[in-house]
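Descriptive structure summary
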Amino acid sequence: MIKVNNVFVLSLALILSITFIGKLNAAQMPSNISPQQLAQFKKLSPAQQKSLAQSMGIDLSAIQKQISGNQKNNSESEEILQQYYPRGTQFDEFGNPTFETQLDNQVEEEKDKGPQPFGYDVFANAPLTFAPNIDIAVPDDYIIGTGDKLSIQVFGKENSDYEFAVSRQGEIVIPQLGPFSVSGMTFLEVKKFLSNEIKSKILGVDVVTTLSELRSIRVFVLGDAFKPGQYVLSSLSSITHAIFASGGISDIGSLRNIELKRSGKLITKLDLYDFLIKGDSSNDVMLKSGDVVFINPVGNRITIDGEVNRPAIYELSAGETFQSAIKMAGGLLPSAYPSSTVVERFNDKNLRTVQNVDLTKNQALLSHVKSGDFIKVMKTSELFENSVTIIGAVTRPGKYQWVEGQRIADLIPNIHAYLEDEADITYSLVIREKDIGRNIEVLQFNFFNAIGNLNSKDNIELKSRDKILVFSNIEVPSSDIDSLDSFAFTKVELLEQEKENAEQLYKDKKFWQFYGDENNETAFNKIEAVDKAEETLKRTYQSIEELTGVIEEEPELRELGFFSRKRLLAPVIEQLKRQAASGQPIEMVEIDGAVKYPGIYPLAKNGKISDLIKAAGGLKESAFLENAEMTRNDLIDGKVTKSTLNVNINGVLTGNDIEDSLLKSKDRLNIHHIPSWQENHMVELRGEFVFPGKYTIRRGETLGELINRVGGFTDFAYIEASLFTREKLKQLELKNLVKVSESLRMEIASKNLSQREGSASFDYEQTSQLLADLTNVKPIGRLVVDVPLIISNSEFDVTLENGDVLYIPAKQNSVNVVGQVQVASSHIHKKGLTALEYVGLSGGIKKQADDDRIYVIKANGAVEIPNDGNWFSSTDNSLKPGDTVVVPLDSYYMEDLSLWQAATQIVYQAAVAVAAISGL
């Protein structure tokens with residue numbers, strides 16, 4: 001072992017000799033010794049350290065000071081970092097919390113979600129191992145002792161400044177005046193004593209005495225402190241100062257049982273709850289050198305949670321009651337419901353039990369709490385008492401105070417000041433709870449009558465918890481609503497909610513597009529839904545700006561329909577369905593036919609047929625007033641029978657009580673339309689007409705009749721190339737596009753799977769392009785019609801519908817060739833040339849072309865196969881101006897994709913139709 005140490009010493013000596021080239025004076029401090037060299041030096045024995053230092057000419061004490069200085073700097077740096085991190089955090093060499101500490105802190109954060117022990121965080125601090133400078137005024141009752149420094153200023157006949165430290169004998173010695181004993185005196189007594197003594201010996205002077213430096217004391221903080229040990233403190237320090245210096249109290253230490261011991265005797269006990277809760281520091285006495293602050297283990301505890309000001313875990317003292325425990329927690333919150341406080345307590349068998357305590361009673365408040373109690377102060381109900389709620393198209397929705405005898409006109413005295421412009425003043429409801437089970441009944445009223453005539457039956461007397469529904473004249477589809485309270489907001493607030501919902505759907509769109517199951521039809525439907533949500537989002541943002549006054553444009557009608565009948569009535573109807581039971585029929589009625597808002601409505605109390613018509617927004621212009629049909633369910637001898645009643649709507653509107661009868665549960669009123677009534681249906685003629693434009697058509701009018709009515713065609717019209725579109729067909733095409741796109745995706749996925757299993761690959765670039773083309777196709781809704789045949793023979797005429805459009809282009813002299821040809825181009829029409837000859841003019845077919853399935857899209861949209869025959873049994877294979885020859889791709893190159901032909905045909909036909917329309 002000695003041999004090894006000698007080698008080690010020689011190696012270290014060599015390192016030091018290289019580092020310190022040149023001679024150092026014995027008193028010099030080596031400033032460039034690395035931490036690694038110091039670490040090696042510390043491993044040597046004291047004799048080896050001394051020998052090595054002498055041989056190198058280095059002062060041993062200087063190296064030892066550098067070692068202790070590094071340790072002190074590291075300790076001070078860690079103390080500074082502790083101020084910014086949780087207590088007990090460990091740091092690495094770079095000053096960052098260690099990984100283990102970070103994990104521990106995360107665990108503690110999870111634990112911190114519940115109530116925490118009260119008061120410990122106040123004293124949690126990095127322990128200080130040096131005496132702090134306390135620049136505070138010295139109290140007059142401060143006891144002077146050994147180590148204090150007194151500053152004495154004499155001025156007047158003589159001027160002198162002195163500073164004396166109180167000696168171990170308790171004296172200060174003033175030159176020319178002698179010693180003065182001051183130890184044990186208060187600071188006030190010392191000032192008077194020295195002033196009198198000096199003035200008696202030196203005439204004509206004044207004396208000012210101050211404390212220039214306080215003595216330090218050494219105290220012990222023991223027990224369950226965070227870092228127990230000995231600490232150097234100022235002589236002005238108290239018990240709490242010592243606790244702070246030790247880093248606070250550990251998790252198992254008591255805040256209510258802290259002892260101060262002096263010379264083995266108990267001086268006092270400190271309850272920090274008096275200090276933290278009441279601000280009472282009377283027991284926080286001053287310390288003396290050698291004192292011991294002993295922190296006992298924590299005593300019994302209880303947990304107080306819920307509706308209190310300070311939920312926490314509290315330590316108990318003897319005789320604690322529920323009243324004192326709630327006081328410790330800062331008292332109850334206004335939202336507390338003390339009558340139903342829950343206490344979890346361990347019984348004699350050490351099993352947890354639950355007790356309900358009424359803290360509003362003195363007997364319960366004065367009862368004692370027990371160790372381990374978990375006191376949960378419950379929250380009061382969210383329901384409002386003595387209030388009414390206004391919901392819907394009003395300027396200031398929300399809850400209002402209710403008073404006895406209050407009526408509709410008292411709450412809303414003015415239509416213009418209280419209702420929105422789109423509010424329906426003819427139909428409003430009061431939703432009232434009729435029993436303790438919160439079952440509801442519906443009362444209907446008319447705002448115009450209620451405000452215009454205070455004595456009318458529409459000016460309903462309100463009751464507590466009534467809800468007033470004010471509807472908008474603008475209708476939108478219903479949505480999923482939990483309760484009517486969801487509508488007690490303004491339009492701007494509801495628009496903000498709509499925006500958040502639309503944004504969420506828009507974000508979901510990205511997920512479904514990239515991760516959705518391609519073989520699942522619901523995924524594709526979801527993408528369609530969020531596409532609509534994207535448009536909703538854009539319009540909603542704009543509407544918010546409009547409603548908040550950022551821009552001056554009028555808001556769209558759709559955005560004002562937040563308070564439509566369907567949306568506001570949805571929760572009411574659901575509640576009526578839930579409360580229906582045997583012997584209590586469902587209170588709902590239905591209206592259909594020539595009314596503005598047909599649908600299901602709540603049956604108002606004492607509701608009549610006229611009330612149901614008002615609920616539906618009134619009659620349409622097409623309503624037949626002479627006769628309407630009422631269907632009713634009657635329960636006779638335990639069996640339900642349906643009966644039909646005829647109602648004269650004229651009598652209902654004029655107030656005939658016989659006709660305007662009371663409604664019953666599940667009545668259904670059907671308002672007939674006037675026979676042969678038809679709204680104005682429009683058809684558009686575009687292109688080479690004598691008078692093109694939009695025309696109103698009569699019911700049953702045909703295309704040929706309309707052409708004759710408008711004067712026919714111009715001399716340049718090419719009627720063989722007509723293009724006729726219909727809205728219904730456009731919607732059907734859209735569905736077909738979606739279906740073909742989805743089916744093609746599924747088939748490509750299947751081929752991809754087959755390829756992985758070893759089959760030949762197919763052209764992904766072609767398939768991707770086809771899918772992109774399908775996505776960009778816009779439905780035209782084309783109906784193939786033969787205009788020359790219609791004009792010549794009325795049997796082939798077409799009955800017109802609303803939204804039909806007929807395009808007649810000018811005369812053409814070209815034939816188009818597209819698809820798998822060398823050069824897709826257009827050619828001047830030459831009479832007698834066939835489709836194959838036009839393909840030859842375009843350079844012939846490509847290698848991947850399917851020459852057996854070449855087809856022709858005629859100028860009017862019909863499709864022909866130029867071989868043995870065609871779909872119209874024509875034997876003439878020659879082409880006409882405006883025709884398009886299509887050369888499809890051979891399915892062999894598409895790995896026999898069965899949908900390839902259908903998809904390409906859709907794309908080509910759409911392209912031909914769009915080209916025809918754009919050419920007009």
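Heads up: these notes are all about the structure in this document. (Residues numbered from 1 in each chain as written. Predicted model: local features only at pLDDT ≥ 70, side-chain atom pairs only at ≥ 80, totals over all residues. Heavy atoms only, no water.)

**What about the overall build of the chain?**
Counting its regular elements, the chain contains 25 helices and 35 strands. Scored against the burial criterion, the 920 residues of the chain give a buried share of 39%. Of all intrachain contacts in the chain linking residues separated by at least 6 positions in sequence, the fraction that spans at least 24 positions is 64%. Total accessible area on the chain is roughly 51,500 Å²; 51% of this is exposed by carbon and sulfur atoms. (Helix = DSSP H or I, 4+ residues; strand = E, 2+ residues; numbered from the N terminus. Buried < 20%, exposed > 50% of the residue type's maximum accessible area, 1.4 Å probe, protein only. Contact = heavy atoms within 4.5 Å. Areas by Shrake-Rupley, 256 points an atom, 1.4 Å probe, with all protein chains shown as cover.)

**Regarding empty space enclosed by the protein**
Vacant regions in the atomic arrangement are exposed by a probe of water-molecule size rolled over the atoms. Going through the model one piece at a time under the given rule, you end up with two cavities of 30 Å³ or more. The volume enclosed by the largest cavity comes to roughly 40 Å³. Lining the largest cavity we find Gln-444, Val-589, Pro-602, Leu-603, Ala-604, Gly-607, Lys-608, Asp-611, Leu-612, Ala-615 and Leu-663. Its residues assigned to classes, the lining of the largest cavity shows seven nonpolar, two polar and two charged. (1 Å grid on protein atoms, 1.4 Å probe; cavity = no way out; pocket = protein on both sides within 12 Å on 5 of 7 lines; lining within 4 Å. Points joined across faces, edges and corners; volume = space filled by probe spheres on them. Nonpolar A, V, L, I, M, F, W, Y, C, P; charged D, E, K, R; others polar.)

**Details of the side chain of Asp-291**
Structurally, Asp-291 is set in the loop between helix 9 (272–278) and strand 10 (292–297). Overall, Asp-291 belongs to the buried group, its relative accessible area being 0%. Among the polar contacts listed, one links the side chain of Asp-291 to the side chain of Arg-262, at a separation of 2.7 Å. Discounting chain neighbours no more than four positions away, the residues touching Asp-291 are Arg-218, Val-219, Phe-220, Leu-260, Lys-261, Arg-262 and Met-286. (Polar contact = N/O pair within 3.5 Å; in protein donor to acceptor, adjacent residues only side chain to side chain.)

**A short note on the packing of aromatic side chains**
Tallied over the entire structure, the rule returns 10 aromatic pairs. On the basis of an interplanar angle of 75° and a centroid distance of 5.0 Å, the ring pair of Phe-445 and Phe-447 is categorised as edge-to-face. For Phe-447, a relative accessible area of 0% translates into the label buried. By way of ring pairs, the aromatic residues Phe-118, Tyr-273 and Tyr-314 are connected into one cluster. Seen from the ring of Tyr-418, Arg-396 lies directly overhead, with NZ or CZ sitting 5.0 Å from the centre. (Phe/Tyr/Trp six-rings, centres within 6.5 Å; stacked < 30°, edge-to-face > 60°. Lys NZ or Arg CZ within 6 Å of the ring centre and 35° of its normal.)

**A look at the sheet that holds strand 24 (residues 639–647)**
Taking strand neighbours across the sheet as the criterion, the five strands line up as 22-21-25-23-24 in an open arrangement whose pairing is mixed. Looking at strand neighbours, the two that pair on one side only are strand 22 (599–602) and strand 24, the edges of this open sheet. When the angles between neighbouring strand axes are averaged without regard to direction, this sheet yields 20°. Pairing analysis gives nine bridges linking strand 23 (residues 623–636) to strand 24, with the strands arranged antiparallel. Residue Arg-632 lies in a different strand from strand 24, and its bridge partner there is Ser-643. Packing against the sheet, helix 17 (residues 565–579) makes contact with strand 21 (588–593) and strand 22, and its axis sits at approximately 65° to strand 22. (Pairing = 2+ DSSP bridges. Axes fitted to C-alpha atoms, helices over the stretch in contact; angles between N-to-C directions.)

**Notes on the pairing of strand 12 (residues 312–315)**
Residue alternation in strand 12 divides its side chains into two sets, Ala-312 and Tyr-314 and Ile-313 and Glu-315, and both sets are buried. Summarising the sheet, strand 11 (residues 301–306) and strand 12 pair through four bridges and their orientation is antiparallel. Bridge pairing in strand 12 links Ile-304 to Ala-312. Linking strand 11 to strand 12, which pair antiparallel, is a turn of five residues.

**Here we look at the pairing of strand 23**
In the sheet, strand 23 pairs with strand 25 (residues 668–673) via five bridges, with the strands oriented antiparallel. Directly across from Glu-629, in strand 25, lies its bridge partner Asn-670. Here strand 23 folds back onto strand 24, and the loop between the two strands holds two residues, one of which, Asp-637, carries a positive phi near 55°.

**Quick notes on the nonpolar core**
One finds Ile-408, Ile-468, Ile-591, Tyr-601, Leu-669 and Ile-671 to be the most contacted residues of the largest nonpolar core, which totals 57 residues. Excluding its chain neighbours within four sequence positions, the residues that come into contact with Ile-408 are Val-430, Phe-445, Phe-447, Ala-450, Asp-458, Asn-459, Ile-460, Leu-462 and Ile-468. (Core = buried A, V, L, I, M, F, W, Y, C linked by side-chain atoms within 4.5 Å.)

**Focus on unusual backbone geometry**
Unusually for a residue other than glycine, Asn-386 sits at a positive phi of about 55°. Tracing the sequence through the fold places Asn-386 in the loop between strand 15 (374–377) and strand 16 (387–392). With a relative accessible area of 40%, Asn-386 lands in the partly exposed category. One non-glycine residue, Lys-666, lies in positive phi territory at about 65°.

**A short note on helix 7 (residues 187–201)**
Compared with an ideal rise of 1.5 Å per residue, which puts 15 residues at 21 Å, helix 7 spans 22 Å between its outermost C-alpha atoms and is within 8% of the ideal. Within the span of helix 7, buried status applies to Phe-187, Val-190, Leu-194, Ser-195 and Ile-198. What you see down the axis of helix 7 is that its buried residues fit within an arc of 125°, all on one side. Away from its buried face, by an angle of more than 90 degrees, helix 7 presents the exposed residues Lys-192, Asn-196 and Ser-200. Next to the buried residues of helix 7 lie strand 1 (149–156), strand 3 (171–174), strand 4 (178–181) and strand 5 (205–213). (Expected span 1.5 Å × (residues − 1). Arc of directions from axis to C-beta.)

**Overview of the sheet that holds strand 33 (residues 855–857)**
Taken together, five strands build an open sheet; the order of strands is 32-31-35-33-34 and the sheet is mixed. In this open sheet, the two strands that pair with only one neighbour each are strand 32 (825–828) and strand 34 (863–864). Pairing between strand 33 and strand 34: two bridges, direction antiparallel. Bridge pairing in strand 34 links Ile-857 to Val-863.

**Topic: the pattern of salt bridges**
By the definition in use, this model includes 29 salt bridges. Note that Arg-632 is salt-bridged to Asp-667, the shortest N-O span being 2.8 Å. One end of the pair, Arg-632, is in strand 23; the other, Asp-667, is in the loop between helix 19 (649–653) and strand 25, and 35 residues separate them in sequence. One exposure class covers both Arg-632 and Asp-667, and it is buried. Residues participating in the shared-partner salt-bridge network are Arg-698, Glu-701, Glu-705 and Arg-709. (Salt bridge = Lys/Arg side-chain N within 4 Å of Asp/Glu carboxyl O.)

**Structural notes on the environment of Ile-302**
For Ile-302, the position within the fold is in strand 11. Residues Ile-302 and Tyr-314, 12 residues apart in the sequence, show an inter-C-alpha distance of 5.4 Å. Setting aside chain neighbours within four positions, we find Ile-302 in contact with Ala-312, Ile-313, Tyr-314, Leu-316, Ala-325, Val-369, Lys-370, Gly-372, Asp-373 and Ile-375.

**A closer look at helix 17**
For helix 17, spanning 15 residues, the distance from its first C-alpha to its last is 21 Å, which sits close to the expected 21 Å at 1.5 Å a residue. Of all 15 residues in helix 17, 11 are buried, a share of seventy percent or more.

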